[in-house]
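The lines below spell out each chain.
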Amino acid sequence: MQATPDIHSYSDTARRGQRSSVRIPLSIALLSAGFASMSLLPVAAQVLPAAAEVAGSPPQTTATSPDAIKQREQELEDTRAQQKSAAELQQKLRADIASIGQDRSKLNQRLIDIAGQVRSVDTRIGDAEVRMRPLDTREQQIRGSLDSRRSEIVEVLATLQRAGRRMPPALLVRPEDALQSLRTAMLLGAVVPELRGRAEKLAGDLGELISVRKTIASERDKLAVDRDSLRDDQTRLAALIDERQRKQSAIEKDMEAEGARAIALSQQVDSLQGLIAKMEQDLKSAAQAAATASLRGAPGNLNGKPNVGGLKDSARLSPAIAFASAKGLFALPVNGVKIREFGSSNGSGGVEKGISLSTRAGAQVTTPCDGWVVYAGPFRSYGQLLILNAGGGYHVLIAGMERISVNIGQFVLTGEPIATMGTKSQVASIIAANASQPVLYVEFRKDGTPIDPGPWWAANEGEKVRG
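Here the residue index of a chain counts from 1 through its sequence in written order. Local features in this predicted model are restricted to residues of pLDDT 70 or higher, and side-chain atom pairs are both shown and tallied only at a pLDDT of 80 or more, whereas totals for entire chains, interfaces and linings draw on every residue. Side-chain metrics rest on all non-hydrogen atoms present in the structure, leaving aside hydrogens and water.

Trainee: Help me get a handle on the packing of aromatic side chains, residues and values and all.
Mentor: Stacked, tilted and edge-to-face pairs are distinguished by plane angle, under 30 degrees for stacked and over 60 for edge-to-face with tilted covering the rest, among Phe, Tyr and Trp rings (Trp via its six-membered ring) whose centres lie within 6.5 Å. One pass over the structure, following the stated rule, counts 11 aromatic pairs. Look at Phe379 and Tyr382: their rings are 6.3 Å apart centre to centre, the planes differ by 20 degrees, and that puts the pair in the stacked class. Looking at Tyr382, the relative accessible area reads 22%, which means it is partly exposed. Feature note: the residues Phe323, Phe330, Tyr394, Phe444, Trp456 and Trp457 constitute an aromatic cluster, connected by ring pairs. The criterion is that NZ of a Lys, or CZ of an Arg, lies within 6 Å of the ring centre and within 35 degrees of the ring normal, and then a charge sits over that ring. Its end group placed over the ring of Trp456, Lys327 keeps NZ or CZ at 5.0 Å from the ring centre. The cationic tip of Lys446 hangs over the ring face of Tyr394; the distance from NZ or CZ to the ring centre is 4.7 Å. Relative accessible area decides the class of each residue, using a 1.4 Å probe on protein chains only: under 20% of the type maximum gives buried, over 50% gives exposed, and in between gives partly exposed.

Here you go:
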């Protein structure tokens, strides 16, 4: 009867390229293929010197590697592609604006459409970031577990080295090279079967780590695409807003003087109700807007229901839906999370007169309804404040933005972009609550009295009115 081959005979057989009859445990193969993807180079470094000595590896040189040169060329090519893309986008924007010409309704519709796209992409980005948090946490947990068993990993690596006489290059630099890893795994399964249980546990953790990392990479790729799309849409939106305001300024020659007068008048009052009254009585543009709101009256209903179809008329100059009839139809003016509700404690002995929404930095703010701008500028502890006269004795107050992009006297449509958020809270009461991220404050008023805006917000995406 033949003698059982010893360790060296296995090594000789492997070197001669002969086939082995030993079966390869899948878990061990995973273990070998997965070590490099752990990025635990300090562990591998403990056994690498011996392997290099046996293999007679040449010393490393300081010359720039072909991979580094290739990477730099790729970075240069990416930069050129980005510059070309930006130039093409600018050309398309100029052509788009030129095609709109003096058609106010077409410009309004483009603004509403692009603003909707910006908010939609912003929502996808937020959702992706939420999905990635538990993945990142799980990756850190697995890495921590593997790191705590570093000595065990070193033992397995050392066994692989002794069994194969040299460390397979794939183990450290090319984990995708399955052949070298499988040969080493074969020897490990034949020579040290007592390590199999521990190896299988390590292989399971490595397999999960590889899976989690692939999922994270996929999510990050999608996120990068969405961020590129968001950047392009924001560029389009900024150009269209500038065009809208340029045309508005051409109509209102004294707009700059009106803006300065509005700020001066705002410093003479202490309350929001006083500000509204002051604007609509003493400021020409705001008074005209308020008078128009009163003269127009409330739009009629269709078969007893709000005429939502009226929102499709982007050339309208008065509300398509009566504010009182629009309950359950409005979209929140910004993507965010409610952190304060109407009627809740404001932290200083009073109650909240509106709602507060925590948002992303630079988020787009749009109008929840049609209305006339009766104030746009800084006011007391509210930071930048926008007040819309929605007709029928209703006013909508929106505060906490960093920049407002509409002017007093201007009629704005549902879903139209009106402002952008900054990087931190601008409202004093929110700052006092240690909120470091931007927060938008929204308040509804009827005949000067704050009312609960809750009934007006749509319960789901499909119920929201759109321009």
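Trainee: Got a sec to walk through the side chain of Glu139? Specific residues and values, please.
Mentor: Each helix is a run of H or I in the DSSP string that is no shorter than four residues. Each strand is a run of E no shorter than two, and both are numbered from the N terminus. By secondary structure assignment, the location of Glu139 is in helix H5 (residues 104-148). Residue contacts are defined here by distance: any two heavy atoms, one from each residue, within 4.5 Å place the two residues in contact. Look past the residues within four positions of Glu139 in its chain and what remains in contact with it is Leu209, Val212, Arg213 and Ile216.

Trainee: An account of the sheet that holds strand E9 (residues 417-420) is requested, with residue identities and associated values reported.
Mentor: The pairing criterion is simple: DSSP has to find at least two bridges between the two strands. The three strands lie next to each other as E3-E9-E7, forming an open sheet whose pairing is antiparallel. A single partner strand is all that each edge strand has here, and the edge strands are strand E3 (364-366) and strand E7 (403-404). For helices, the axis comes from a line fit to the C-alpha atoms of the stretch in contact; other axes are also lines fit to C-alpha atoms, and the angle between any two N-to-C directions lies between 0 and 180 degrees. Each of E3 and E9 is contacted by H5, which is oriented at about 130 degrees to E3, the strand it contacts most.

Trainee: Just give me the short version of the environment of Glu152, but keep the residues and values in it.
Mentor: Here Glu152 shows up in helix H6 (residues 150-164). Residue Glu152 is classed as buried on the basis of its relative accessible area of 14%.

Trainee: Describe H5, listing the residues and the values that go with them.
Mentor: For the α-helix, the turn length of 3.6 residues means that residues three or four positions removed from each other point alike. Over its 45 residues, H5 runs 66 Å from end to end, which matches the ideal 66 Å to within 8%, given 1.5 Å per residue. Along its length, H5 shows its largest kink, about 25 degrees, at Met132, and proline Pro134 lies within four residues downstream of that point. In this scheme, a helix's expected span is set at 1.5 Å multiplied by one less than its residue total. For a residue, the bend is simply the angle between two axes, fitted respectively to the seven-residue segment ending there and the seven-residue segment starting there.

Trainee: Would you mind going over the pattern of salt bridges in detail, with residue names and values included?
Mentor: As a working rule, side chains carrying opposite charge can pair if their charged atoms are close by. We define a salt bridge as a contact between a side-chain nitrogen of Lys or Arg and a carboxyl oxygen of Asp or Glu at a distance within 4 Å. For the coordinates displayed, the defined rule picks out 17 salt bridges. Between Glu219 and Arg131 there is a salt bridge, with the nearest N and O atoms lying 3.0 Å from each other. Here Arg131 lies in helix H5 and Glu219 lies in helix H9 (residues 196-251), a separation of 88 residues in the sequence. Relative accessible area serves as the criterion here: at 10%, Glu219 is assigned to the buried category. A salt bridge links Arg231 to Asp228; the nearest nitrogen and oxygen atoms lie 3.1 Å apart. Residue Arg231 and its partner Asp228 are located together in helix H9, separated by three residues, close to a single helical turn. With relative accessibility at 46%, the residue Arg231 sits in the partly exposed group. Assessed through its relative accessible area of 38%, Asp228 is described here as partly exposed.

Just distances and angles here, no functional claims.
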